[in-house]
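# Structural characterization, general
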Amino acid sequence: MTKLNIEEKRISTDVVIVGGGIAGLTAAVRIKELNSDIDILIIEKNTTGYSGKANRGGGVLQYFDFNRCTPEQFVGYHAHNVGAFLGDQELLYKYVSMNNEMIEKLVNWGVKVPYDEDGNLKVIPTGPMTGMIGVDLDITLQVRKTAAKFGVKIVDKTVMSDILTNNGEAVGVVGYDLIDGTFSIIKAKSVILATGSQNYKIMPMWNGRGDGIAAAYRAGAEMRNAEFGNFAQQYKAKSHHDMVFSENVMYNSLGENITKNFRRFPEADVSSKAVSEWYKQMSAGKGPVYIHPDEYEVTAHGDALFTTPYVWNRPYGIKIWKKIYGKAAEKDGDCKEVVMCFVGEQSPVKVGHDMQTTIPGLYAVGDISYSGSASPGAVPAPPGRNRGSGILNAVFNGLIAAESSLDRVSKKDESAIDDDQVMLLKERTYAPLLKSDGIDAEEIMEDIREAVGPVENSVYMSQHRIDIGLRKVEKTKNKLENLKAQDYHDLCNCHEAQAMVLSAEMQFRAASMRKESRGWFLREDYPETDNRNWLKYIIVKNNEGKMDFSTENVPIEKYPVKPLFK
């Protein structure tokens with residue numbers, strides 16, 4: 001295909017929300033609750049209500065019992081044991097404080113949350129100060145119904161390809177229809193990105209492709225904590241079924257308990273030390289690694305949480321989980337071997353306490369900006385070593401962005417769209433369709449997975465192994481100009497492949513820059529935490545096509561919990 005005859009349509013709205021998962025829907029509903037006259041448009045490349053991760057995972061919400069744990073106490077625990085003093089303690093305090101309010105919001109929007117006979121939430125403890133409650137997997141469908149009742153407009157099967165700017169401010173987005181390719185030019189006073197994280201299309205369920213991250217980067221928004229896009233966890237070796245909390249019962253092939261090498265008691269979630277211990281055991285010839293699930297209550301009866309109604313009655317999700325667990329059991333049989341698999345979860349778009357990026361008028365909520373908000377600290381987020389925080393962080397972000405973007409809309413006049421910029425972005429968008437031959441997007445994706453996938457490259461790192469990964473990324477980056485799309489769905493694949501290359505480069509370069517180990521971030525060649533030199537965020541920004549890196553001091557002096565400087 002050498003020439004395209006693409007139809008264009010122009011749309012004007014007060015707020016355009018890109019992404020129809022729980023974060024985007026939360027922002028939409030909350031804006032309408034605050035001001036029903038505001039015109040809101042959600043665009044989603046999949047189907048709003050079915051997209052995102054909230055309806056694909058464990059369906060759990062983080063819960064705080066304020067009779068047992070105050071927000072101040074959790075912030076102190078988190079700074080010392082999870083965030084490693086890289087977290088925004090003020091934002092985390094606000095998140096914890098709003099916990100009950102957020103759950104009540106979801107219930108009011110039709111989400112099914114389990115209660116016992118006395119009217120109390122059914123809570124499963126997950127860590128020293130946290131618990132989790134189940135929510136049925138139709139959560140996003142319920143909130144979509146609420147959004148529709150409020151008059152939120154929804155356009156599905158539409159891919160956002162780029163962000164429109166004028167005088168340094170966001171003024172809208174452009175994108176294309178997956179079915180017929182129609183190019184949409186959407187003008188808005190406020191743009192909210194809710195497009196998810198970067199997961200490199202490696203493991204099932206973790207479906208972020210990073211295209212929103214790439215669009216924000218191209219528009220000039222700053223990134224923060226890109227090096228923490230390296231989440232990994234245990235999976236059954238045969239079925240690749242995830243085994244949450246099984247890091248508490250790990251054994252090597254000699255029958256030795258290896259959990260004791262990195263953990264003294266059960267913690268809130270898997271740590272990178274579990275990943276490095278698995279790698280060390282395998283490298284020493286003491287693998288495979290097995291689990292003894294009967295030794296820990298949560299792993300002994302974990303399937304009951306998902307496949308039966310006895311703990312949490314979630315009829316929508318139980319149908320799905322029974323199939324998933326059944327297929328896994330058929331493949332695994334009696335095999336208890338586990339492997340550590342890279343997931344990703346890079347969420348680096350930098351936002352302030354109002355969820356606005358460094359571009360005025362551009363907001364980012366949910367998994368696209370979880371680490372970029374600095375709230376979780378030195379850990380990939382979600383899950384942020386706090387199971388259930390992914391969904392609730394998305395709700396938290398959505399509520400805040402709703403109020404701040406609404407305030408902007410009420411004060412902002414419409415800005416003009418630069419037609420020359422639109423033309424350039426349109427050419428960029430459809431470029432892979434115009435090539436007569438070239439390489440497939442899947443080839444690019446597989447190259448990137450080979451670079452980031454090995455946990456020794458991305459989780460338990462050394463400069464040598466980082467360099468290996470980065471060389472692979474650079475080699476793949478040089479192939480991008482030859483990307484060819486067969487149709488509009490494949491065009492979307494091409495854009496996602498471009499985003500994967502960008503995310504991988506950011507991750508490796510930022511990881512190379514941080515010369516220490518902190519929280520989840522582990523370097524074999526720099527095993528100590530360096531508070532004197534590295535109590536800093538790494539900032540990434542697009543500078544006329546060049547990836548620029550700088551650092552920003554953590555404002556630890558204004559936070560109540562401080563580290564020892566050594």
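Above this text you will find the structure in question.
Note that the structure is predicted; figures quoted are calculated from it, not measured.

## As for the environment of Glu345
For Glu345, the location among the structural elements is in the loop between β14 (337-344) and β15 (362-364). Given a relative accessible area of 0%, Glu345 falls into the buried group. A C-alpha to C-alpha distance of 8.9 Å links Glu345 and Ala232, two positions 113 residues apart in sequence. Setting aside its immediate chain neighbours within four residues, Glu345 contacts Lys53, Ser197, Gln198, Asn199, Trp206, Phe228, Gly229, Phe231, Ala381 and Pro382.

## Focus: the sheet that holds strand β13 (residues 289-291)
Reading across from one edge, β11-β14-β13-β12 is the order of the 4 strands in this open sheet, with antiparallel pairing throughout. Only two strands of the sheet have a single neighbouring strand rather than two, namely β11 (231-236) and β12 (250-251). Of the pairings in the sheet, the one linking β11 to β14 comprises 6 bridges and is antiparallel in character. Note that in β14 the partner of Ala232 across the bridge is Phe342.

## Some thoughts on the sheet that holds strand β3 (residues 60-63)
An order of β3-β5-β4 is seen for the 3 strands of this open sheet, with the pairing classed as antiparallel. Only two strands of the sheet have a single neighbouring strand rather than two, namely β3 and β4 (124-125). Pairing between β4 and strand β5 (residues 131-134): 2 bridges, direction antiparallel. Note on β5: the bridge partner recorded for Pro125 is Gly131. Lying over the sheet, helix α4 (residues 99-108) contacts β3 and β5, oriented at roughly 150 degrees with respect to β3.

## Considering the pairing of strand β1 (residues 8-18)
Sheet faces and side chains relate simply in a regular strand, where the side chains alternate between the two faces. One ladder, built from 10 bridges, connects β1 with strand β9 (residues 183-193); its direction is parallel. Paired with Ser12 across the strands is Lys187, a residue of β9. Here β1 pairs with strand β2 (residues 40-44) via 4 bridges, running parallel. Within β2, the position partnered with Val18 by the bridge is Ile43. At this point the chain moves from β1, through helix α1 (residues 22-34), to the parallel β2, and the crossover so formed is right-handed.

## Examining the state of the cysteines
All told, the structure shown has 0 disulfides when counted by the stated rule. Unpaired in terms of disulfides, Cys492 finds its nearest cysteine sulfur in Cys494, a separation of 9.2 Å. What makes Cys492 buried here is its relative accessible area of 8%. Accessibility expressed as a relative area gives 0% for Cys494, which makes it buried.

## Regarding the pattern of salt bridges
Tallying each qualifying case throughout the model produces 40 salt bridges. In this structure, Asp162 engages Arg428 in a salt bridge whose closest nitrogen and oxygen atoms are separated by 2.8 Å. With Asp162 in strand β7 (residues 158-166) and Arg428 in helix α12 (residues 419-430), this residue pair connects regions lying 266 residues apart in the sequence. You can call Asp162 buried: its relative accessible area is 3%. Looking at Arg428, the relative accessible area reads 24%, which means it is partly exposed. Between Arg209 and Glu496 there is a salt bridge, with its nearest N and O atoms 3.8 Å apart. With Arg209 in the loop between β9 and α6 (211-219) and Glu496 in helix α16 (residues 488-513), the pair connects residues that are 287 residues apart, well separated along the chain. The exposure class assigned to Glu496 is buried, which follows from its relative accessible area of 7%. Among the charged side chains, a network of salt bridges with common partners joins Arg30, Glu33, Lys105 and Glu403.

Here is what the cut-offs are and how they apply
- The numbers attached to residues start from 1 for each chain and follow its sequence in the written order.
- The model is predicted, so local features are restricted to residues of pLDDT at least 70 and side-chain atom pairs to those at 80 or more, both for listing and for counting; the totals for chains, interfaces and linings are taken over all residues.
- Side-chain descriptors were evaluated using all non-hydrogen atoms of the structure, hydrogens and water having been removed beforehand.
- What counts as a helix is a DSSP run of H or I of at least four residues, what counts as a strand is a run of E of at least two, and both are numbered from the N terminus.
- Throughout, exposure labels follow a simple rule: accessible area from a 1.4 Å probe, protein chains only, divided by the maximum for the residue type, with under 20% read as buried, over 50% as exposed, and the rest as partly exposed.
- Here, residues are in contact when the closest pair of their heavy atoms is within 4.5 Å.
- Any two strands are treated as partners once DSSP identifies two or more bridges connecting them.
- Here the axes come from fitting lines to C-alpha atoms, over the contacting stretch only for helices, and the angles between their N-to-C directions go from 0 to 180 degrees.
- The path from the first strand over the helix to the second decides the hand: if it runs clockwise while the strands point away from the viewer, the crossover is right-handed.
- The definition used for a disulfide is geometric: two cysteine sulfur atoms within 2.5 Å.
- A pairing counts as a salt bridge when a side-chain nitrogen of Lys or Arg comes within 4 Å of a carboxyl oxygen of Asp or Glu.

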